[in-house]
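Chain by chain, the residues:
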Amino acid sequence: MARMGAFGVVVVVMVAMCVSPILGTFVVEENSLTVSTPDSLKGTYQSAIGNFGVPQYGGTLSGFVMYPTVNAKACEKFPDNYFRSSSGARPNFALVERGDCYFANKVWNAQQAGAAAVLVMDNKKEELITMDSPDDDPVASQYLQNISIPSALISKDFGDKLKAALASKELVTMKLDWRESLPHPDERVEYEFWTNSNDECGPKCDAQVEFVRNFKGVAQILERGGYTQFTPHYITWYCPQAFIESKQCKAQCINNGRYCAPDPEQDFTKGYDGKQVVTENLRQLCVFKVTNNSSPRQPWKWWDFVTDFQIRCPMKENKYGPECAEEVIKSLSIDVDAVRKCMGNPDADVDNPVLKFEQDAQVGQGTRGDVTILPTLIVNQRQYRGKLDKTAVLKAICSGYQESTDPPVCLSDTMETNECLDNNGGCWKSGSITACQDTFRGRVCQCPLVNGVQFEGDGYTHCEANGPGRCKVQNGGCWEETRDGAHYSACQDQHPNGCHCPVGFEGNASAVTGGCVDINECTARTKCQCPECKCTNTWGSYDCQCSGGLLYFAEHDTCINRKSAESKMGWTVSLIVLSGLAVLGLGGYVVYKYRLRSYMDSEIRAIMAQYMPLDSQNDSVQNHNDDV
Ligand SMILES: *[C@@H]1O[C@H](CO)[C@@H](O)[C@H](O)[C@H]1NC(C)=O
Ligand SMILES: *[C@@H]1O[C@H](CO)[C@@H](O)[C@H](O)[C@H]1NC(C)=O
Ligand SMILES: *[C@@H]1O[C@H](CO)[C@@H](O)[C@H](O)[C@H]1NC(C)=O
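Quantities reported herein were computed from a predicted structural model and do not represent experimental measurements. (Residues numbered from 1 in each chain as written. Chains lettered and ligands numbered in written order. Predicted model: local features only at pLDDT ≥ 70, side-chain atom pairs only at ≥ 80, totals over all residues. Heavy atoms only, no water.)

Novice: Outline the site of ligand 2, listing residues and values.
Specialist: Near ligand 2 you find Gln 229, Phe 288, Lys 289, Asn 292 and Arg 297, and these make up its full shell. Between ligand 2 and Gln 229, the relevant distance is 3.4 Å, taken from an oxygen atom to a side-chain nitrogen or oxygen of the residue. Protein contacts shield 55% of the accessible area of ligand 2, which totals 360 Å² for the unbound molecule. With three residues, the single largest contributor to the shell around ligand 2 is helix α7 (residues 274-293). Of the residues assigned to the shell around ligand 2, the class counts are one nonpolar, two polar and two charged. (Near = heavy atom within 4 Å. Polar contact = N/O pair within 3.5 Å; in protein donor to acceptor, adjacent residues only side chain to side chain. Areas by Shrake-Rupley, 256 points an atom, 1.4 Å probe, with all protein chains shown as cover. Helix = DSSP H or I, 4+ residues; strand = E, 2+ residues; numbered from the N terminus. Nonpolar A, V, L, I, M, F, W, Y, C, P; charged D, E, K, R; others polar.)

Written out as structure tokens, the structure is:
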């Protein structure tokens, strides 16, 4: 809630061991606010942009100010449509007072009652601060993402004047103006994203992951088109000299205390350590450096790497770490050795130029101010305020262009990235079936749904058809072959999943070609082994002939003469017939006892007799009688 919210958490997490290099300036980003009526208030005032909701970067919004007579702090719900303007009229801005609940809560309540923007007036005389979103509040996290209106903090002085004017029934009209919020518009926007590879820090991390995933497509279009110059950054702390040998610094820092990150679980005894987080942060920086400096330059691959890493190597699944990360690097055709070289040796007592640069960049310069809130987006050297949402951020970036130089994405949001055309986007592929999908969010690797058959798997290295109908789609990805009119398949309906070599074959049923190979029953000495037997292997089976006019009896793998075969056969046949009869009789009795009797009472039979042909009527009657 306070302007230093995230910073405070970080410091607590660091258990006061590692502190920010310099406690410098935090710049409050402002937009201007112009009052046009009443005359007594005419003029321009400053207001601080709230760090949630959607500020109208590059635009303006005019409206009337309304001050609620009850619930002035807006901590309770307002009656429906309390702030809603009648259609055609200018929108209403809610003027509410600071205190008692989260800033975001006030804005949410006003938005639900139809306010177009919210002005929160400070409750004491002080410099303006940035209204931040609450950090770890489960209730707030439910509405935070749904706040879609802009908000701003104004001074107590100015708020009191507005209240006085409204109390004397004056009409207060004002214009909120974000056009100057991002400086020096030109034909290229420079922006930075301060982030963290840690994916387990609660709602802030989730929002970050979600944003990167959603924004990737647009970011890549802008970067490829040369419309932006994007640089990712990672907040990096250091361990004070006196504590370098402490357990805490050893667990959270690399390069002998030079570069640290807080423990993800805030517990040194379990899970991942801060040390592993800095290392992954460093790897992500290096992925950017390597792709940015390669020829041709492909700095947009950072977005692919980061999203794939989040999906494929999450902490939750215990996959976070170098092994998984390098697999992702390889799948995106990025030079692994160059990335390793860039990372250097984290155990060495030396500076790492990449992380050193990050530490220095954290300290504010010029208009920008220190980076202390994670995640932070900086556009044209100004900190972006507002929720991390694709549309809101795109709007902010687009406002950084001089008119007529805006890239097409700024004018429409229908876009395709065509990333699947390049190496299938690093996703799984088999024949014409691919897990790569071009979406407005950039490419995603997701096992497809083909002709009603759902493929399942990680989407990167493995997808497999499951469920009924799967054998109709590329034979379920299983081996199959036809030779001389004989066809065998490793996709079998009796096995709902996976591939299985049919009887007479063995091998890797999932290898589409050459997977299953014929078993030579003759040399394997599994069939046709009697002395009189002559074995010939065939594809998928075998043929067995007996010498001396004997007959091959496969069941016992032996040769017998025809007579005994016949008598044997006779015996077997009569045994089968007898036991069949017995089963039938018993079955009939059971059916009659539990089923027929209850259904076939005389009334039903009478009714049926009117509709059924004569002989079937006779049959049923006969069966019935037989059983009695
Ligand atoms: C926020 O918006 C989503 C999607 O529109 C909706 O499902 C959810 O219920 C909303 N949350 C609240 C607290 O209104
Ligand atoms: C990325 O490349 C551009 C153009 O070559 C360069 O100006 C920029 O400094 C590079 N950024 C990093 C972090 O290496
Ligand atoms: C079977 O073949 C598939 C496809 O070629 C391959 O991915 C898999 O590793 C093979 N399995 C074994 C056990 O060799």
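Novice: Can you lay out helix α4 (residues 156-167) for me, pointing to particular residues and giving the numbers?
Specialist: Between its first and last C-alpha atoms α4 spans 16 Å; for 12 residues at 1.5 Å apiece the expected length is 16 Å, and the two agree. Among the residues of α4, Phe 158, Gly 159, Leu 162 and Ala 165 are the ones counted as buried. For α4, the angular spread of buried residues about the axis comes to 125 degrees, placing them on one side. Those residues of α4 hidden inside the fold are in contact with β1 (30-37), β2 (43-49), β4 (92-97), β5 (117-121), β6 (151-154) and β7 (173-177). (Expected span 1.5 Å × (residues − 1). Buried < 20%, exposed > 50% of the residue type's maximum accessible area, 1.4 Å probe, protein only. Arc of directions from axis to C-beta. Contact = heavy atoms within 4.5 Å.)

Novice: Run through the site of ligand 1, naming residues and quoting values.
Specialist: In the vicinity of ligand 1, the contacting residues are Trp 108, Gln 142 and Asn 146. At 2.3 Å, a side-chain N or O of Asn 146 approaches an oxygen atom of ligand 1. About the coverage of ligand 1: the protein hides 31% of its 360 Å² of free accessible area.

Novice: Tell me what's going on with the sheet that holds strand β8 (residues 189-195), and back it up with residues and numbers.
Specialist: Across the sheet, four strands lie side by side as β9-β8-β12-β13; this open sheet has mixed pairing. Edge strands, defined here as strands with exactly one partner in the open sheet, are β9 (228-234) and β13 (382-383). Pairing between β8 and strand β12 (residues 376-379): four bridges, direction antiparallel. Paired with Trp 194 across the two strands is Thr 376, which belongs to β12. This element, helix α5 (residues 203-224), spans β8 and β9 of the sheet and lies at about 155 degrees to β8. (Pairing = 2+ DSSP bridges. Axes fitted to C-alpha atoms, helices over the stretch in contact; angles between N-to-C directions.)

Novice: Help me get a handle on the pattern of salt bridges, residues and values and all.
Specialist: The full count for this structure, using the stated rule, is 21 salt bridges. A salt bridge links Glu 327 to Arg 312; the nearest nitrogen and oxygen atoms lie 3.4 Å apart. Of this pair, Glu 327 sits in helix α9 (residues 322-331) while Arg 312 sits in helix α8 (residues 301-312), placing them 15 residues apart in sequence. On the accessibility criterion, Arg 312 (9% relative accessible area) is buried. Residues joined in a network through salt bridges with shared partners are Glu 280, Arg 283, Glu 326, Asp 337 and Arg 340. (Salt bridge = Lys/Arg side-chain N within 4 Å of Asp/Glu carboxyl O.)

Novice: An account of the pairing of strand β19 (residues 453-457) is requested, with residue identities and associated values reported.
Specialist: With two bridges joining them, strand β18 (residues 449-450) and β19 adopt antiparallel strand pairing. Opposite Val 450, over in β19, you have Val 453 as the bridge partner. The turn joining β18 and β19, which pair antiparallel and follow one another in sequence, is formed by two residues; a positive phi near 45 degrees is taken by Asn 451. Where β19 lies against strand β20 (residues 463-465), three bridges are found, and the strand directions are antiparallel. The partner of Glu 456 across the bridge, within β20, is Glu 464. In this structure, the hairpin formed by β19 and β20 is closed by a connection of five residues, where Gly 459 is found at a positive phi of approximately 85 degrees.

Novice: Before we move on, could you go through the sheet that holds β1 and cite the residues and values that matter?
Specialist: Read around the closed barrel, seven strands run β1-β2-β6-β5-β4-β3-β7, paired in mixed fashion. Looking at each pair of strands side by side, their axes are set apart by 40 degrees on average, direction ignored. Inspection of the sheet shows strand β3 (residues 60-66) paired to β4 by three bridges, in the parallel sense. Note on β4: the bridge partner recorded for Val 65 is Phe 93. Together, β4, β5 and β6 form the strand contacts of helix α2 (residues 103-112), whose direction differs from that of β5 by roughly 140 degrees. Each of β1, β2, β3, β4, β5, β6 and β7 is contacted by α4, which is oriented at about 120 degrees to β4, the strand it contacts most.

Novice: Lay out the nonpolar core with the relevant residues and their values.
Specialist: Counting residues in hydrophobic clusters, the biggest one holds 79 residues, and the most contacted among them are Leu 33, Met 174, Tyr 191, Phe 215, Phe 305 and Ile 397. Here Tyr 191 is in contact with Phe 215, Ala 219, Thr 228, Gln 229, Phe 230, Thr 231, Trp 303, Leu 377, Ile 378, Val 379 and Ile 397, once residues within four sequence places are set aside. In this structure, Ala 48, Phe 83, Ala 94 and Ala 140 belong to the second largest nonpolar core, which totals 26 residues. (Core = buried A, V, L, I, M, F, W, Y, C linked by side-chain atoms within 4.5 Å.)

Novice: Could you give an account of the packing of aromatic side chains, naming the residues involved and the relevant values?
Specialist: Under the defined criterion, the tally for this structure stands at 21 aromatic pairs. Summarising the aromatic geometry, the rings of Tyr 45 and Phe 158 are spaced 3.8 Å apart at their centres and angled 15 degrees between planes, so their arrangement reads as stacked. You can see Tyr 45 sitting in strand β2 and its partner Phe 158 sitting in helix α4, a full 113 residues away along the chain. Comparing Tyr 45 with Phe 158, the two get one shared label, buried. Among the aromatic side chains, those forming a connected cluster through ring pairs are Tyr 191, Phe 193, Phe 211, Phe 215, Phe 230, Phe 288, Trp 302 and Trp 303. (Phe/Tyr/Trp six-rings, centres within 6.5 Å; stacked < 30°, edge-to-face > 60°.)

Interpretation in functional terms is not warranted from these geometric data alone.
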